[in-house]
Amino acid sequence: PKFYFALTVTSSFISGLIFVFEWWHFRKYGTSFIEQVSVSHLRPLIGGAENSPPAPAAFSAGENETSRQNMPECKVWRNPLNLFRGAEYSRYMWVTGKEPLTYYDMNLSAQDHQTFFTCDTDALRPSDTVMQKAWRERNPQARIKAAYQALELNNDCATAYVLLAEEEATTIVDAEKYFKQALKAGEIIYRKSQNCHSQSPQHEAQLRRDTNVLVYVKRRLAMCARKLGRIREAVKMMRDLMKEFPLLSMLNIHENLLEALLELQAYADVQAVLAKYDDISLPKSAAICYTAALLKARAVSERFSPETASKRGLSTAEINAVEAIHRAVEFNPHVPKYLLEMKSLVLPPEHILKRGDSEAVAYAFFHLQHWKRIEGALNLLHCTWEGTFRMIPYPLEKGHLFYPYPSCTETADRELLPTFHEVSVYPQKELPFFIHFTAGLCSFSAMLALLTHQFPELMVVFAKAVSTLWLPNPWSVQGQVGGGLEQPGIVEGVPAQDKVLKLDDL
């Protein structure tokens, strides 16, 4: 009994460890470790790679090449509505003790700052040289100290004020004061760069840098006005900025404008902005698709009832609203769970992945209030959003209105979102076979260990009975006489049942 008990306990313990590791690996990386090792290392050793049949082609050669060209990579974008580090992200960390930004996200922001706010001519101005080093610093206090050093060298260093507004200011009011100083200094430098930008390539690079600084400052000032409740002023600043720099549409300033107009409930102006930017030739976003769905839902949501619609059918306006919701859900299927409050929200990251969970968090964080303001909009979304998945049964292989859903979003979102947030995965992955197998083996061996401990004699009898079924009896010999296989029955006058030899006879 002690041997059987030790055997079952050891088996249960080892299989339990394998099960826990498999589960952790699947939750963190989305794959089974055992399957990954077997496919990557064991299959080539046994020659499975050469003998395995080719995967069936989903498209013809021409279609496959076209789809490969149209399939975008998982590119990370700057969040157009990103929060302020000092006034918002840092305050969240002080209150909760949780870090809202990941190292990967902050590293991307550092690269953005070096791209937007530095150029080759920084060596000519000592303050810009200091700021060039400041953007590379990892320690926030070291960056703030470098910004003050730059201001001591040049009181009109716009990028130093930008850094202080982003990281040292603990309130939006303080951040706005710093940005106003940055605007004053940035306009002076911008006018100087305009006058001499045609003299050399270095001056052109300096003009691009000064333009980036000016646009960034004006945009953040508009966001400060929006956060402080001066929404009409914020809308005017955004419109002026888009008119002054129309070629900088890649900064997605229109998404800031859409959110501010929704807060004003200026739905006609929202529709005008959508008519310009919701174009087939322009890149889409969750803000574009879901705002278009919200406007169409607004026309029918107040009177919509699923029971009434099932009896009389959908009207034309209701069909348009449902189709707009399906279009939005196909673009980003993670958003509805946040809007319907089926998943908890966290602070949005500074960078987002389009069609990913990070974009869904960023959109719902700012736009949930606008959906709640329109009566019945969330009810219509709740009744219709899951119908999208019946239209696209294989989202990774084909799409309906958009290209197939990218398979790389989960990995990028895990890098962008904090560890305490449960990343939404689409499509849902089934648990690997080895998780089920190790869980069953662990449970079965644990049950045997418990039974062996409680009923040792009975389990010994059971183990012997099982072993006699699986292993041949070494004390009996049947049918093997003189090396020939005999037929059952009577052989040389001896019945078959009497052919069992005793140990003494052997």
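Bear in mind the structure is a predicted one, so any value in this text is a computation, not a measurement. (Residues numbered from 1 in each chain as written. Predicted model: local features only at pLDDT ≥ 70, side-chain atom pairs only at ≥ 80, totals over all residues. Heavy atoms only, no water.)

Check the secondary structure of the protein and you find 24 helices and four strands. Evaluated residue by residue, the protein yields a buried proportion of 44% over its 506 residues. By sequence separation, contacts in the protein at least 24 residues apart represent 69% of the contacts at least 6 residues apart. In the structure as shown, the protein presents an accessible area of about 29000 Å², 58% of it carried by carbon and sulfur atoms. (Helix = DSSP H or I, 4+ residues; strand = E, 2+ residues; numbered from the N terminus. Buried < 20%, exposed > 50% of the residue type's maximum accessible area, 1.4 Å probe, protein only. Contact = heavy atoms within 4.5 Å. Areas by Shrake-Rupley, 256 points an atom, 1.4 Å probe, with all protein chains shown as cover.)

In this section: the pattern of salt bridges. In this structure the tally under the stated criterion is 20 salt bridges. Among the salt bridges present, the one from arginine 143 reaches glutamate 167, with a minimum N-O distance of 2.9 Å. Of the two residues, arginine 143 is situated in helix H8 (residues 140-153) and glutamate 167 in helix H9 (residues 158-168); the sequence distance between them amounts to 24 residues. Glutamate 167 matches arginine 143 in its accessibility class, with the two residues each being buried. Residue aspartate 240 is joined to lysine 236 by a salt bridge in which the shortest nitrogen-to-oxygen separation is 3.0 Å. Residue aspartate 240 and its partner lysine 236 are located together in helix H12 (residues 231-244), separated by four residues, close to a single helical turn. Salt bridges sharing partners connect three or more residues here, namely Arg85, Arg143, Glu167 and Glu350. (Salt bridge = Lys/Arg side-chain N within 4 Å of Asp/Glu carboxyl O.)

Turning to empty space enclosed by the protein, a few remarks are in order. Summed over all chains, the structure comprises four cavities of 30 Å³ or more. Taken as a whole, the largest cavity spans an internal volume of roughly 130 Å³. Pro80, Glu255, Ala287, Ile352 and Tyr363 are the residues nearest the centre of the largest cavity, which is lined by 17 residues in total. Elements that contribute at least two residues to the lining of the largest cavity include exactly strand S1 (76-78), helix H15 (286-298) and helix H19 (357-373). Among the elements that line the lining of the largest cavity, the one with the most residues is H19, at five residues. Computed from the structure, the second largest cavity encloses a volume of approximately 80 Å³. Around the second largest cavity, the lining residues are Arg125, Asp128, Cys157, Ala158, Thr159, Gly186, Ile189, Arg209, Asp210 and Val213. Looking at the lining of the second largest cavity, the elements that each hand over two or more residues are H9, helix H10 (172-196) and helix H11 (201-227). (1 Å grid on protein atoms, 1.4 Å probe; cavity = no way out; pocket = protein on both sides within 12 Å on 5 of 7 lines; lining within 4 Å. Points joined across faces, edges and corners; volume = space filled by probe spheres on them.)

Taken together, the side chains of Phe444, Met447, Leu451, Phe455 and Leu458 make up a nonpolar region of the molecular surface, amounting to roughly 500 Å² of accessible area. Examining the composition of the nonpolar patch, we find that three residues originate from one element, helix H23 (residues 433-454), more than from any other. Along the polypeptide, phenylalanine 444 turns up in helix H23. (Patch = residues over 30% accessible without salt bridge, like charges linked within 9 Å, V, L, I, M, F, W, Y side chains within 5 Å.)

Two packed helices can be described by the angle between their axes and the distance between those axes. Where helix H7 (residues 126-134) contacts H9, the two axes come as close as 9 Å, and the packing angle between them is 35°. Contacts between H7 and H9 involve Asp128, Met131 and Ala134 on the former and, on the latter, Thr159, Ala160 and Leu163. When its residues are assigned to classes, the contact of H7 with H9 shows four nonpolar, one polar and one charged. (Axes fitted to C-alpha atoms, helices over the stretch in contact; angles between N-to-C directions. Nonpolar A, V, L, I, M, F, W, Y, C, P; charged D, E, K, R; others polar.)

Our next topic: the confidence of the model for the protein. Mean pLDDT over the protein stands at 80; residues scoring 70 or higher make up 78%. Confidence, read as mean pLDDT per element, is least for helix H4 (residues 61-70) in the protein (37) and greatest for H19 (95). Scored below 50 in pLDDT, residues 475-494 shows 16 contacts in the model against residues more than four places distant or in partner chains. This model gives residues 499-506 a pLDDT under 50, and the stretch forms eight contacts once residues within four places in sequence are excluded. (pLDDT = per-residue confidence, 0-100.)

Once that is clear, we can look at the environment of glutamate 233. You can see glutamate 233 is positioned in helix H12. Assessed through its relative accessible area of 38%, glutamate 233 is described here as partly exposed. The spacing of glutamate 233 and alanine 222 is 11 residues in sequence and 7.6 Å in space, taken between C-alpha atoms. A polar side-chain atom of glutamate 233 sits 2.7 Å from a polar atom in the side chain of arginine 230. (Polar contact = N/O pair within 3.5 Å; in protein donor to acceptor, adjacent residues only side chain to side chain.)

Counted according to the given criterion, the structure contains seven aromatic pairs. Where phenylalanine 117 meets tryptophan 135, the ring centres are 5.3 Å apart and the plane angle is 45°; that geometry is what we call tilted. In this pair, phenylalanine 117 sits in helix H6 (residues 103-117) while tryptophan 135 sits in the loop between H7 and H8, placing the two residues 18 residues apart along the sequence. The pair phenylalanine 117 / tryptophan 135 is uniform in exposure class, with both members buried. Arranged with centres 5.0 Å apart and planes meeting at 80°, the rings of phenylalanine 365 and phenylalanine 366 form a pair that is edge-to-face. Exposure remark for phenylalanine 365: the relative accessible area of 31% places this residue in the partly exposed category. (Phe/Tyr/Trp six-rings, centres within 6.5 Å; stacked < 30°, edge-to-face > 60°.)

Turning our attention to the nonpolar core. Met131, Phe179, Tyr290, Leu339 and Trp371 are the most contacted members of the largest nonpolar core, which totals 96 residues. Counting six residues, the second-largest nonpolar core is a separate cluster that includes Leu81, Tyr89, Leu347 and Phe366. (Core = buried A, V, L, I, M, F, W, Y, C linked by side-chain atoms within 4.5 Å.)

It is worth spelling out helix H17 (residues 316-331) at this point. The first and last C-alpha atoms of H17 sit 23 Å apart over 16 residues, in line with the 22 Å expected at 1.5 Å per residue. By the burial criterion, the buried members of H17 are Glu318, Ala321, Val322, Ala324, Ile325, His326, Arg327, Ala328, Val329, Glu330 and Phe331. Each element contacted by the buried residues of H17 is listed here: H15, helix H16 (306-312), helix H18 (335-339), H19, helix H20 (377-384) and helix H21 (388-391). (Expected span 1.5 Å × (residues − 1).)

In an α-helix, one full turn covers 3.6 residues, which means residues spaced three or four apart are oriented alike. Look at H12: 20 Å from first C-alpha to last across 14 residues, which is about the 20 Å you get at 1.5 Å a residue. What H12 keeps buried is the set Ile231, Ala234, Val235, Met238, Leu241 and Met242. Considered in projection along H12, the buried side chains sweep an arc of 130° and stay on one side of the axis. Residues of H12 that are exposed and point more than 90 degrees away from the buried face comprise Arg232, Lys236 and Lys243. The secondary structure elements touched by the buried residues of H12 are H11, helix H13 (253-264) and helix H14 (267-277). (Arc of directions from axis to C-beta.)

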